[in-house]
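Coordinate analysis (summary)
Residue-level listing of the chains:
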Amino acid sequence: MLLSAPFALCEEACAQKRRNADSLQDVADKIKQRKDKLKQVQKEEAEVISRLNEIEKRLLKESREYNDIAAEISRLQDDIRTVRINMKALEQESGEQEQVVQQRLSALYKYYRRSGLRILLSSQSYNDLVRTEQALAQIVERDHDLLSRTLTRLKKQRRYESDLQERRTQLVAARDRIAEKRDQIKDTKQQRSSHLNRI
């Protein structure tokens, strides 16, 4: 019995040592699992941060494009205003020129109607008659050219205004698309940030 007591104590000590070793192994396993989990979380965090940086860059690029387009739209609106002012001036000029030409033609018509034969008969020579006819033809031709040029300028201005309006419409659509994309990027960024906060 005396021998068995120290032996029992030794067995108890060995069992305690095995339990401690098992407990230490469990702790070491838990530490390893936590380290692995920490590495995984750090890896996910690095990926999320990388994606957030990419999103931030895209957001910055989209914001610059948005601002550039907004500035171009503003310039186009200024151009459209200028074109409209020019068109009003051209329309007024055209109207005035048309009135002058109509008055002149009316005066010429009245004059010829009353005294057209008198002009022909009052000519001192055939050359005088031809010069008078050429002078009247030049007046009519100049009036026609004047009206023609004014109308051509007016048409060009209208075409230019139409082109500007079309470009403005395209830019507004592009600005809206960029604004939508920017909002999507912000939403994605917020989602990633909340995901990162949860990690």
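To start, this report covers the structure provided alongside it. Note on numbering: residues in each chain are counted from 1, in written sequence order. For this predicted model, a pLDDT threshold of at least 70 governs which residues receive local features, and a threshold of 80 or more governs which side-chain atom pairs are given and counted, while totals over whole chains, interfaces and linings are taken from all residues. Remark: hydrogens and water are excluded; side-chain values derive from all non-hydrogen atoms of the structure.

Next up on the list: the overall build of the protein chain. Secondary structure summary: the protein chain contains two helices and zero strands in total. For every residue, the accessible area obtained with a 1.4 Å probe (protein chains only) is divided by the maximum for its type, and the residue is called buried under 20%, exposed over 50%, and partly exposed between those limits. Within the protein chain, the proportion of its 199 residues that are buried is 19%. Contacts are residue-level and defined by heavy atoms, with any inter-residue pair within 4.5 Å sufficient. Of the contacts made within the protein chain by residues no fewer than 6 positions apart, 92% connect residues no fewer than 24 positions apart. Counting only carbon and sulfur atoms, one obtains 52% of the accessible surface of the protein chain, whose full area is about 15800 Å². Helix and strand definitions follow DSSP, with helices as H or I runs of at least four residues and strands as E runs of at least two, each counted in order from the N terminus. Computed with a 1.4 Å probe, the accessible areas rest on the Shrake-Rupley method; for each residue, only the protein chains presented here act as cover.

As a further point, take the pattern of salt bridges. The term salt bridge refers to a pairing of a side-chain nitrogen on Lys or Arg with a carboxyl oxygen on Asp or Glu at a separation within 4 Å. Applying the stated rule across the entire model yields seven salt bridges. The partner of K32 in a salt bridge is D36, with the nearest N and O atoms 3.4 Å apart. Note that K32 and D36 are positioned in helix α1 (residues 4–122) at a spacing of four residues, about one turn of the helix. E47 is the salt-bridge partner of R51, the closest N and O atoms lying 3.6 Å from each other. Of this pair, R51 and E47 both sit in helix α1, four residues apart, which is roughly one turn of the helix. A relative accessible area of 33% means that R51 is categorised as partly exposed. Its relative accessible area of 36% is what places E47 among the partly exposed residues.

Residues grouped as a nonpolar core are buried Ala, Val, Leu, Ile, Met, Phe, Trp, Tyr and Cys residues, joined through side-chain atoms within 4.5 Å. I69, I73, L76, I80, V83, M87, L164, L171, V172, A174 and I178 form the largest nonpolar core, which has eleven residues in total. Of all elements in the fold, only α1 and α2 (126–198) reach the threshold of two or more residues within this core. The biggest single contributor to this core is α1, with six residues. With residues near it in sequence (within four places) discarded, I73 still touches R168, L171, V172 and R175.

Next up on the list: the environment of N67. Structurally, N67 is set in helix α1. In this structure N67 comes out as partly exposed when scored by relative accessible area, which is 47%. Along the backbone, N67 and I178 are 111 residues apart, and their C-alpha atoms lie at a distance of 10.0 Å.

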